[in-house]
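# Observations on the three-dimensional arrangement
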Amino acid sequence: MPAIASIDASAAGPFTAPITTLTASDTITFRPNKKQLLVVRNPTGGSLTLNIDGDAGTTVTVPGLGSVSVASGLNIAIPTLESRAVVLSTVSAYCQGTVTLTGAATAFAQLFDL
């Protein structure tokens, strides 16, 4: 389970932004005090489904809906040769505890601390 390092994007001007190739199971560190942007690109000939799953996520209370399970993680479909991005604070319920990325082996990922 390789850990994907975050990229400090707060510097003025150009900065290095390394790309990580995802394996079957990778981890990221969610920092609730930072605005983090996860960008994933699918270079393959078929659709991939990225799953973002924090191991401490169980249920959350959503106004108007009640109790909602986040235990199975958040799935994000990434079509062939396209990218998807998500600001992690907008899906923080899925980022509790150790956050694992699965389902998108061979995709390219970058995690920016904005």
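This part is about the pattern of salt bridges. Within the structure shown, the criterion is met by two salt bridges. A salt bridge links Asp113 to Arg31; the nearest nitrogen and oxygen atoms lie 3.5 Å apart. A residue pair is termed long-range when its members are at least 10 positions apart, and Asp113 in strand 11 (residues 108-113) and Arg31 in the loop between strand 3 (25-28) and strand 4 (36-41) qualify at 82 residues. Among the residues examined, Asp113 registers a relative accessible area of 7% and is labelled buried. Arg31 gets classed as partly exposed once you look at its relative accessible area, which sits at 30%.

Inside soluble globular proteins, nonpolar side chains tend to come together where they are buried. Among the nonpolar cores identified, the biggest contains 24 residues, and Leu22, Leu38, Val40, Leu50, Ile52, Leu88 and Leu101 are the most heavily contacted of them. Where this core is concerned, the elements lending two or more residues are strand 4, strand 5 (48-54), strand 8 (74-78), strand 10 (99-102) and strand 11. Ignoring sequence-local partners within four residues, the contact set of Leu88 consists of Ile28, Phe30, Gln36, Leu38, Cys95 and Leu111.

So, about the packing of aromatic side chains. One pass over the full model with this rule turns up one aromatic pair. Here the aromatic rings of Phe15 and Phe112 are separated by 6.4 Å at their centres, their planes lie at 80 degrees, and the arrangement is edge-to-face. With Phe15 in the loop between strand 1 (6-8) and strand 2 (20-21) and Phe112 in strand 11, this pair connects stretches of sequence that are 97 residues apart. Classification of Phe15 by relative accessible area gives partly exposed; the value is 36%. Assessed through its relative accessible area of 12%, Phe112 is described here as buried.

Cut-offs and rules
Residues numbered from 1 in each chain as written. Predicted model: local features only at pLDDT ≥ 70, side-chain atom pairs only at ≥ 80, totals over all residues. Heavy atoms only, no water. Salt bridge = Lys/Arg side-chain N within 4 Å of Asp/Glu carboxyl O. Helix = DSSP H or I, 4+ residues; strand = E, 2+ residues; numbered from the N terminus. Buried < 20%, exposed > 50% of the residue type's maximum accessible area, 1.4 Å probe, protein only. Core = buried A, V, L, I, M, F, W, Y, C linked by side-chain atoms within 4.5 Å. Contact = heavy atoms within 4.5 Å. Phe/Tyr/Trp six-rings, centres within 6.5 Å; stacked < 30°, edge-to-face > 60°.

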